[in-house]
Amino acid sequence: MNRIVKKEQWSPEVFSMDIECPLVARQHKAGQFIILQLGGDFNERIPLTVADKDVEKGTITIVFQTVGATTHLLARKNVGDDIPNILGPLGHPTDIEKFGKVVCVGGGIGVAPLYPIAQAMKAAGNDVKIIIGARTKNLVIMEDKMRSIDPDLTIVTDDGSYGRKALVTVPLKEFCENWHPDEAVAIGPPVMMKFCALTTQPFGVKTVVSLNTIMIDGTGMCGGCRVSIGGQTKFVCVDGPEFDGHQVDWNNMLSRLGTFKPQEAEEHHRCHLDLGIPEGKA
Amino acid sequence: MKSAKELDEIAAKLRKNSYTPKERMAIPLQEMPVQAPEVRIHNMDEVALGFSENQAIVEASRCLGCKNHPCVEGCPVRIDIPGFVSHVASGDMKGAYSVISQSSLLPAICGRVCPQENQCQKFCTVGKMHKDIEQSVGIGRLERYVADAMSAQGYEIIPEVAAATGKKVAVVGSGPASIAAAADLRKAGHEVFMFEALHKGGGVLVYGIPEFRLPKKIVASEIGKLEKMGVHIQTNFLVGRTMTLDALMKEEGFDAVFVGSGAGLPKLLGVPGENLVGVFSANEYLTRSNLMHSYDPDHALTPAIKSEKVAVFGGGNVAMDAARTALRLGASEVTIVYRRSENELPARHEEVGHAKEEGVHFLFLHAPVEVQGDDKGRVTGVVLQTCVLGEPDASGRRSPVPVEGSEKFYQFDTVIAAIGNGSNPLIKMTTPQIETNRRGNFIVNEETLETSIPGVFAGGDIVLGAATVILAMGQGRQAAKAMNEYLSGK
Ligand SMILES: Cc1cc2nc3c(=O)[nH]c(=O)nc-3n(C[C@H](O)[C@H](O)[C@H](O)COP(=O)(O)OP(=O)(O)OC[C@H]3O[C@@H](n4cnc5c(N)ncnc54)[C@H](O)[C@@H]3O)c2cc1C
Ligand code: FES
């Protein structure tokens, strides 16, 4: 079950894995995610977006950055290893329609889940422009795949080590001013999605964001993933993960993401020692 | 409590069956041995330790074996209570176990979590004669004793499976309704696949009810029994997403489906501030601790919630469990806030008693108006309003009426909503043709528990709304019976 059939390291912190998961591969549509747990009583359940799939081979591709204990442990798994628990595909698929002009913005690891969406948008007959951003050059991922969808792909880095030295919101604003997109899709760190939504709002460009909240079950049972959307409480795992970025209560969402920050700082110190994970990574 | 020697004497006399009814009425009620409150709030181990054999025999001997046995009527699955109790009284635990097994599949669980004071023990003649329901025969405790004694001896009845029928049945969920349905369907010789969304089977029994009330190894052994019977258990399978109900029947060739998907949709407080950091549904709070083992921070990766002052809203078992878990996770002060008065508390009496002994505070006749937070979005406290009891509502309980102008701020750093669960909408969302009521519960034929889709049956909390383990188990069996008939005609 859930055997790793391919593993690539794209940067010191970013890995891609193809995992045999035929049922998920068969059902998965762009925008959906899985919950993964590494077995036993003590491992946590974490959501990861599915970046690609191969229905024939029955595999799904996940791309992850080593940010917490589970992603660090996952990075140590190799081809041939099994992942004990994978649940999915979860959440609603992206609403793919012919909107006209669609600008897709991916930040950091968010570029991975953006890829199948951009692909589907293109296949639906949309004119697609893509912006991808990263902290620095070696964190830029999936450039070739993205370029195959948008030959004019815009790349930005925070430090200017590759592409333009800018935040993704700069080219996004330019597109809004000059290209007049009908729809925007932004996936990346929450703060990036918040500012993308703020950037497009004055132009009235509907902006879909994919929220990556804290989750446990992923089935709507716990409510831990909830966010406030246009004043209403929604569960990201069942009602989402995609929402209208202009309706999201970003401050509440960002503070909820930080629920365990104070204690995690202390506990991850311990967990690094236990797992032998380098200090300051999780 | 009597000394061991005295118990020996009573037990010896009882074995000779030489007590008159009057003498029986004088046999002292056996108290359940428990971990002392000041000890148990520092561990997750079971609170109630279980009877000794002598205690069980003595307690069982309090039963008068009355002719009309009203206790049986009070039992949702009609266990032959006087029958099993008389076996216990004569020291024949195997005999007792086999009597219980005719009606209940989960005695070790029901003996621990059933609200006996509203069921069998409510009607017990002994309790009536003492004019005190607390004096009723401890039927639940005896049930538990019998189940535990059997498993301690390694005695396990794995029901026999009939010859293969060639029929394939899906059971959705792995809570008590599904466990019961799967067992009875498998017994009839069908091939049974159980699909559970979580990574571990047991439903609320594993993620909701805490270890200190229901040790998880008991649940694991019930799931293990199903496996030994040849039920295929597939975890990490969310019906509706991994595969729809329709696809199960049309593409995968399942001849019938039982849906026991439970009441897994937490109700939130419904007041401003319900999403502040530090506000949790009881489901989340308990799942972190139980399923994810965050109470063991040296091992678990899922963080537990650290709190000082905790408010738990609600008055049912879920509220008691959340409050008592909070104490064990290290909270210094835990308050249960309930809209009605103590008389209306829906939780089991025993749990309320245990919570009080452990130092949980109760604030009755108060309801939340607003959760307040600081500039970082973290909870600082709750504005509460006092209530008075008005006319009885649909549930027959007097409904709380808020008193205008009574608002007052109370400081808390953690707020837990334990005010009920709705039904999980996922199956309905992905199989719209299934008929549900206003609350999202599946509408079923009362007798067969068949839903509006032929061949799809349902039971447990998805039909009843958040109810009880025993009712869920009962419906699982009821549906399995109808399904077995349905399948034999197919
Ligand atoms: C904290 C708490 C304490 C309680 N205490 C008591 C008590 O003391 N006594 C008592 O009698 N009752 C108690 N109850 C109520 C009792 O637990 C429930 O009534 C009972 O568990 C319902 O059983 P069920 O089989 O219908 O569903 P559940 O136990 O809810 O199980 C449903 C299962 O189905 C799974 N599922 C849901 N949807 C899908 C899907 N689409 N695909 C696959 N799987 C799915 C869920 O993950 C879950 O595991 C308590 C409940 C809670 C939450
Ligand atoms: S993760 Fe539990 S409800 Fe969404």
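As a convention, each chain's residues are numbered from 1 in the sequence order in which they are written. Chain labels run from A onward and ligand labels from 1 onward, assigned in the order the entries are written. In keeping with the model being predicted, local features are shown solely for residues with a pLDDT of at least 70 and side-chain atom pairs are shown and tallied solely at 80 or more, while totals for entire chains, interfaces and linings include all residues. Processing note: side-chain calculations cover all non-hydrogen atoms of the structure and skip hydrogens and water entirely.

## Considerations on the site of ligand 1
All names here are of chain B. Near, as used in this document, describes a residue that has one of its heavy atoms within 4 Å of the molecule or strand being considered. Looking at ligand 1, there are 34 residues lining it, with Val113, Glu196, Arg213, Val239 and Asp461 nearest. Any N or O atom pair separated by 3.5 Å or less is treated as a polar contact, with the protein-specific requirement of one donor-capable and one acceptor-capable atom, and with residues adjacent in sequence counted only for side-chain atom pairs. Note that a nitrogen atom of ligand 1 is positioned 3.2 Å from one of the backbone N or O atoms of Ala197. In isolation ligand 1 exposes 1,000 Å². Once the protein is present, 95% of that is buried. Here a strand is any run of E in DSSP of at least two residues, a helix any run of H or I of at least four, and the numbering for each starts at the N terminus. Among the elements of the structure, helix 11 (176-187), helix 16 (317-328) and helix 20 (469-488) are those that each provide at least two residues to the shell around ligand 1. A per-element tally of the shell around ligand 1 places helix 16 first, with three residues. Its residues placed into classes, the shell around ligand 1 shows 18 nonpolar, eleven polar and five charged. Reported accessibility uses the Shrake-Rupley method at a 1.4 Å probe radius. Residues are deemed covered only where the shown protein chains occlude them. Three residue categories are used. Nonpolar comprises Ala, Val, Leu, Ile, Met, Phe, Trp, Tyr, Cys and Pro, charged comprises Asp, Glu, Lys and Arg, and polar comprises the others, including Gly.

## Considerations on the interface of chain B and chain A
Contacts were defined at the residue level, with two residues in contact if any of their heavy atoms lie within 4.5 Å. Of the residues lining the interface, 49 residues belong to chain B; the matching set on chain A comes to 52 residues. Values labelled buried area give the accessible surface lost by two parts on being combined, using a 1.4 Å probe and summing over both. Both sides of the chain B and chain A interface together cover about 4,100 Å² of buried area, and 55% of this is carbon and sulfur. For chain B, the biggest contributors to the area lost against chain A are Arg241(B), Asn275(B) and Leu301(B); these three give 18% of the whole. Take a side-chain nitrogen of Lys or Arg and a carboxyl oxygen of Asp or Glu: if they are within 4 Å of each other, that pair is a salt bridge. Along the contact surface separating chain B from chain A lie two salt bridges.

## A word on the side chain of Asn126(A)
All names here are of chain A. In this fold, Asn126 is placed in the loop between helix 3 (111-123) and strand 8 (127-134). When its relative accessible area of 5% is taken as the criterion, Asn126 is described as buried. Within the structure, Asn126 has its side chain in polar contact with the backbone nitrogen of Gly100 (distance 2.8 Å). A distance of 2.9 Å separates the side chain of Asn126 from the backbone oxygen of Met121, its partner in a polar contact. Ignoring sequence-local partners within four residues, the contact set of Asn126 consists of Glu97, Lys98, Phe99, Gly100, Val102 and Met121. Remark: exposure states derive from per-residue accessible area (1.4 Å probe, protein chains only) relative to the maximum for the residue type, with buried under 20%, exposed over 50%, and partly exposed in between.

## Focus: the sheet that holds strand 11 (residues 183-187) of chain A
Residues and elements named next belong to chain A. The strand order across the open sheet formed by seven strands is 10-9-8-7-11-12-15, and the pairing between neighbours is mixed. The sheet terminates laterally at strand 10 (164-165) and strand 15 (242-244), the two strands that pair on one side only. A pair of strands is treated as paired once DSSP finds two or more bridges between them. Of the pairings in the sheet, the one linking strand 9 (residues 154-157) to strand 10 comprises two bridges and is parallel in character. Following the sheet pairing, Val156 is matched in strand 10 by Arg164. The strands that helix 6 (residues 190-200) touches are strand 7 (101-107), strand 11 and strand 12 (206-210); relative to strand 11, the one it contacts most, it runs at about 165 degrees. Here, axes are lines fitted to C-alpha atoms. For helices the fit covers the stretch in contact, and angles between N-to-C directions go from 0 to 180 degrees.

## Considering the environment of Val369(B)
Tracing the backbone shows Val369(B) in strand 10 (residues 366-373). Those residues in contact with Val369(B) that sit more than four places away from it in its chain are Val271(B), Pro272(B), Val383(B), Leu384(B), Gln385(B) and Glu407(B).

## Describing the pairing of strand 14 (residues 414-417) of chain B
All names here are of chain B. Side chains Thr414 and Ile416 project from strand 14 onto one buried face, and the interleaved Val415 and Ala417 project onto a second face that is buried too. As paired elements, strand 6 (residues 279-281) and strand 14 share three bridges and run parallel to each other. Bridge pairing in strand 14 links Phe280 to Ile416. Here strand 7 (residues 309-313) pairs with strand 14 via four bridges, running parallel. Residue Val312 lies in a different strand from strand 14, and its bridge partner there is Ile416.

## Quick notes on the confidence of the model for chain A
Put simply, chain A has an average pLDDT of 91, and 93% of its residues get 70 or more. What pLDDT reports is the predictor's confidence in each residue, on a scale of 0 through 100. Residue range residues 267-282 of chain A is modelled with pLDDT below 50. Its contacts to residues more than four positions away, or to other chains, number 32 contacts.

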